[in-house]
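# Working through the structure, step by step
If you want the building blocks of each chain, they are given just below.
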Amino acid sequence: MRKRLKEKLSNALSPESLSKVTSSFDLVGNIAIIKAPINAADAEIVAKQIMTTHTGVKTVFSQTSPIRGHHRIRQLTLLAGENTTVTRHKEAGCVFAVD
């Protein structure tokens, strides 16, 4: 049985902080984007756990604004990993370079 993100974080975060963590996140290429309504230190712990669990993830960002506009742009804050928003995303046999 696979352990969920909250289970893996149960020893690292307080119950109050853990209740604010969402288990889902967006994955675009090797970049994970989480919604982190928690303090910066806890968000960094969550980001590092995602990178540990998903070894292909090289960067974790926190979404700091809603998705807006025709191009679906959102503001991001780096939490862990490489400071880049450029990646390659594979979908339906096609590879896309995205930023």
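Residues numbered from 1 in each chain as written. Predicted model: local features only at pLDDT ≥ 70, side-chain atom pairs only at ≥ 80, totals over all residues. Heavy atoms only, no water.

### A closer look at the side chain of Asp42
What counts here: Here a strand is any run of E in DSSP of at least two residues, a helix any run of H or I of at least four, and the numbering for each starts at the N terminus. Burial classes: relative accessible area under 20% of the type maximum marks a residue as buried, over 50% as exposed, and values in between as partly exposed (1.4 Å probe, protein chains only). Charge assignment in this entry is limited to Lys and Arg as positive and Asp and Glu as negative, and neither His nor the chain termini are counted. Only one rule defines a salt bridge in this text: a Lys or Arg side-chain nitrogen within 4 Å of an Asp or Glu carboxyl oxygen. Contacts: residue pairs with any heavy atoms within 4.5 Å of one another.
Here Asp42 is to be found in helix H3 (residues 40–53). Buried charge without a partner: Asp42 forms no salt bridge, and the closest opposite charge is Lys20, 7.7 Å away. Among residues more than four places away in sequence, those in contact with Asp42 are Leu13 and Ser17.

### Side note on the nonpolar core
Let me state the cut-off plainly: Definition of nonpolar core: a set of buried residues of the types Ala, Val, Leu, Ile, Met, Phe, Trp, Tyr and Cys, connected through side-chain atoms within 4.5 Å.
Counting 16 residues, the largest nonpolar core has Leu9, Val21, Val46, Ile50 and Val60 as the members making the most contacts within it. Broken down by secondary-structure element, the contributors of at least two residues to this core are helix H1 (5–9), strand S2 (31–34), H3 and strand S4 (76–81). Considering every element that reaches this core, the biggest residue donor is H3, with four residues. Setting aside anything within four residues of it in sequence, one finds Ile50 in contact with Leu5, Phe25, Ala32, Ile34 and Val60.

### Structural notes on the environment of Thr64
Among the secondary structure elements, Thr64 is positioned in the loop between strand S3 (59–63) and S4. The exposure class of Thr64 is partly exposed, given its relative accessible area of 47%. Taking the C-alpha atoms as reference points, Thr64 and Gln75, separated by eleven residues in sequence, lie 5.4 Å from one another. Sequence-distant contacts of Thr64, defined by excluding residues within four places in its chain, comprise Gln75, Leu76 and Thr77.

### So, the pattern of salt bridges
The full count for this structure, using the stated rule, is three salt bridges. The partner of Lys48 in a salt bridge is Glu44, with the nearest N and O atoms 3.1 Å apart. One end of the pair is Lys48 and the other is Glu44, both in helix H3 and four residues apart, which spans about a single turn.

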